[in-house]
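Below are the chains, spelled out letter by letter.
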Amino acid sequence: MRLPLIRMGSGLAALALLASAPPAVATQPLPPSTADAMAQAASPQAMADYRRKLKEYQEARAAFEEQAGAYWASVSEKRKGRNAKRRERQAITLNDYVLTQPPVYTGPKRPVSPEPEEEKPPRERKPLPVVADFLKAAAEHFQFTPQRPATEVEFKRAYARYALAAGLTREQAVRVYSFETGGNGNYDMQSGLNPSKPGSRAISTAIGYNQLLTTNSVELLAEQGHEIIKELTARAATLSGAPRKAMDHKLAVLKRMVAFTRTVPDTWSEHEKLANTPQGWAVHAMVLDVDVGPMLQTHKLLTSVHFARIKGYNRPLTAAELEMMNLTGDGTGLDMVTMPQAMREQVPTSNFFQRGGYERNPVAIRHNTVAKLLAITDERMDFNSSKPGAKELATAF
């Protein structure tokens, strides 16, 4: 997947309210302090002081950007060097990482101009598709409606059966679920949406126990679709009557979806393009199906387990290690997972991010070494595993 480590919140609700306010609101008198400030032009002295402070800020910021640019360029070069050494099967050492923390800007803040500035209209943001959109797309493009479970426990049991048979452990599945959903997530929970919080808004397309994005669903069907079809075909052979007819239809739809996901090269960027189409949304609706959904949720984690084994890492992954691969991508995650504990204590988390992703990630900044990041992940898993949803999933195993 690949999401930042922290789910990002949305502050658009207030803007939406302002944008939809009736004209009468805009004609209300301004507060006296604001009216007085706008009525008086800034004095020459105030403007001179502002320009001086602005220059100081710009100079300080430019110096910081030069320092930060050099730091992040070094992170990139070190990453390329590690990748090259891995291809040659050479050992990775501390010298292959940047061992200092990223520079932090400590200069003056950008000064506020004493002259009133023209307000810019809020930037329009394209709304994210939600479950209703995925279901509508599935009906329109594949003439299919996912078979939803009668109860949450039914989905949990189906997930537990398939996960165990595929090779995941109860600890891995339950603790990753606890971290990803907060310990109480439903099979159709979408990131950012909370039924108990009216007005909450989706912050990504991630759905379910392991928070699959639309791109994850497209990629998983492209890579694991034939295996899923094979297993459901065997299951169909044990059915008759209406259940058999429904399964046969589901299989026909799955085959069409798999064919769609394989119309592009097997890369994340190409799958992402498909995922952002209505047909890609339709594929994502399969996450909600009681037969296919547990398989997709399982394969999301299982691909990381298999990746580690292919790379020669045969020790069982802890749930926290598996989560690192789940969140940051298999290659980056395995870089952390294979690191000895002594190195984990010293290597900054910045080595595993692009600058923009790191600076938007308060968890990686606050817990700024690999050891600290894994520790806080374990801590959150411990806490959330005691919640009702996590306990119910554990019982399903």
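None of these values were measured; they are calculated from a predicted model.

Trainee: Looking at this model, I keep getting lost on the overall build of the protein chain. Mind explaining?
Mentor: When helices and strands are tallied, the protein chain shows 19 helices and 0 strands. By the burial criterion, 43% of the 397 residues in the protein chain qualify as buried. The long-range share in the protein chain, meaning contacts at least 24 apart out of those at least 6 apart in sequence, stands at 72%. As displayed, the protein chain has an accessible area near 21400 Å², and 55% of this comes from carbon and sulfur atoms.

Trainee: Honestly, the packing of helix H7 (residues 170-181) against helix H13 (residues 319-328) in this entry has me stumped. Any pointers?
Mentor: Relative orientation and spacing of two packed helices are given, respectively, by the angle between their axes and the distance between those axes. Look at H7 against H13: their axes get within 9 Å of each other, and the N-to-C directions meet at 55°. By the criterion of interaxial angle, the relationship of H7 to H13 is oblique. Crossing hand, H7 versus H13: right-handed. Here Glu171, Gln172, Arg175, Val176, Phe179 and Glu180 of H7 lie close against H13, whose contacting residues are Ala319, Leu322, Glu323, Asn326 and Leu327. Class assignment of the residues belonging to the contact of H7 with H13 gives a composition of 5 nonpolar, 2 polar and 4 charged.

Trainee: I would appreciate a short explanation of helix H6 (residues 152-166) in the present structure.
Mentor: With 15 residues, H6 should cover 21 Å at 1.5 Å per step; its first-to-last C-alpha distance of 21 Å lies within 8% of that length. Listing the buried residues of H6 in full gives Glu152, Phe155, Lys156, Ala158, Tyr159, Ala160, Tyr162 and Ala163. Where H6 is buried, its residues touch H7, helix H8 (214-236), helix H12 (292-310) and helix H19 (388-396). After H6 finishes, the residue Gly167 shows a positive phi value of roughly 115°.

Trainee: What am I meant to see in the packing of aromatic side chains here?
Mentor: The description of two aromatic rings rests on the distance between their centres and on the angle between their planes. Applying the stated criterion across every chain, the model contains 11 aromatic pairs. Taken together, a centroid distance of 4.9 Å and an interplanar angle of 25° make the contact between Phe155 and Tyr187 stacked. Here Tyr187 lies in the loop between H7 and H8 and Phe155 lies in helix H6, a separation of 32 residues in the sequence. On the accessibility criterion, Phe155 (0% relative accessible area) is buried. Judged by relative accessible area, which is 7%, Tyr187 ranks as buried. Measuring from ring centre to ring centre gives 5.4 Å for Phe155 and Tyr209, while their planes differ by 90°; the resulting arrangement is edge-to-face. One end of the pair, Phe155, is in helix H6; the other, Tyr209, is in the loop between H7 and H8, with 54 residues separating them in the sequence. Of the two residues, Phe155 and Tyr209, both sit in the buried class. Of the aromatic side chains, those joined through ring pairs into one cluster are Phe155, Tyr159, Tyr177, Tyr187, Tyr209 and Phe397. Positioned above the aromatic ring of Tyr105 is the side chain of Arg61, whose terminal nitrogen or guanidinium carbon lies 4.5 Å from the ring centre.

Trainee: Before we go on, may I ask you to explain the confidence of the model for the protein chain in this structure?
Mentor: Residues shown with low pLDDT carry predicted positions that ought not to be read at fine detail. Within the protein chain, residue pLDDT values average 87, and 90% of them lie at 70 or more. Below a pLDDT of 50 lies the segment residues 1-39, which in the model reaches 49 contacts outside its immediate sequence neighbourhood of four places, other chains included.

Trainee: Even after reading the chapter, I still don't get the environment of Ala138, so can you show me in this structure?
Mentor: Its location among the elements puts Ala138 in helix H5 (residues 131-142). On the basis of relative accessibility, which here comes to 0%, the residue Ala138 falls in the buried class. Spatially, the C-alpha atoms of Ala138 and Ala282 are 4.0 Å apart, while their sequence positions differ by 144 residues. Aside from chain neighbours lying at most four places away, what touches Ala138 is Gln143, Phe144, Ala282 and Ala285.

Trainee: What is the right way to look at the packing of H7 against helix H18 (residues 370-384) in this model?
Mentor: One can describe the packing of H7 onto H18 by two numbers: an axis separation of 8 Å at closest approach and a directional angle of 95°. The orientation of H7 with respect to H18, classified from their angle, is roughly perpendicular. Counted together, Arg175, Val176, Ser178 and Phe179 of H7 and Thr377, Asp378, Arg380, Met381, Asp382 and Asn384 of H18 form the full contact between these two elements.

Trainee: Any chance you could explain unusual backbone geometry here in plain terms?
Mentor: Excluding glycine, residues mostly carry a negative phi; peptide bonds, for their part, are mostly trans. Look at Gln143: it is not a glycine, yet its phi comes out positive at around 50°. You can see Gln143 is positioned in the loop between H5 and H6. The exposure class of Gln143 is partly exposed, given its relative accessible area of 47%. With a phi angle near 50°, Gln211 is a residue other than glycine that sits in the positive phi range. Along the chain, Gln211 falls in the loop between H7 and H8.

Trainee: Sorry if this is basic, but what is going on with H13 here?
Mentor: Three or four residues apart is the spacing at which side chains of an α-helix point the same way, because the helix has 3.6 residues per turn. Counting buried residues in H13 gives 10 out of 10 residues, a clear majority hidden from the surface. In this structure, the buried side of H13 is in contact with H7, H12, helix H14 (330-337), helix H15 (341-344) and H18.

Trainee: Even after reading the chapter, I still don't get the pattern of salt bridges, so can you show me in this structure?
Mentor: Two side chains carrying opposite charge are able to pair once their charged atoms lie near each other. Evaluation of the coordinates by the stated rule reveals 22 salt bridges. Residue Asp382 is joined to Arg175 by a salt bridge in which the shortest nitrogen-to-oxygen separation is 2.8 Å. One end of the pair, Asp382, is in helix H18; the other, Arg175, is in helix H7, and 207 residues separate them in sequence. When salt bridges with common partners are traced through the structure, they connect Asp49, Arg52, Lys53 and Glu56 into a single cluster.

Calculation criteria
- Residues numbered from 1 in each chain as written.
- Predicted model: local features only at pLDDT ≥ 70, side-chain atom pairs only at ≥ 80, totals over all residues.
- Heavy atoms only, no water.
- Helix = DSSP H or I, 4+ residues; strand = E, 2+ residues; numbered from the N terminus.
- Buried < 20%, exposed > 50% of the residue type's maximum accessible area, 1.4 Å probe, protein only.
- Contact = heavy atoms within 4.5 Å.
- Areas by Shrake-Rupley, 256 points an atom, 1.4 Å probe, with all protein chains shown as cover.
- Axes fitted to C-alpha atoms, helices over the stretch in contact; angles between N-to-C directions.
- Parallel < 35°, antiparallel > 145°, perpendicular 65-115°, else oblique.
- Left-handed = near helix turned anticlockwise from the far one by under 90°.
- Nonpolar A, V, L, I, M, F, W, Y, C, P; charged D, E, K, R; others polar.
- Expected span 1.5 Å × (residues − 1).
- Phe/Tyr/Trp six-rings, centres within 6.5 Å; stacked < 30°, edge-to-face > 60°.
- Lys NZ or Arg CZ within 6 Å of the ring centre and 35° of its normal.
- pLDDT = per-residue confidence, 0-100.
- Salt bridge = Lys/Arg side-chain N within 4 Å of Asp/Glu carboxyl O.

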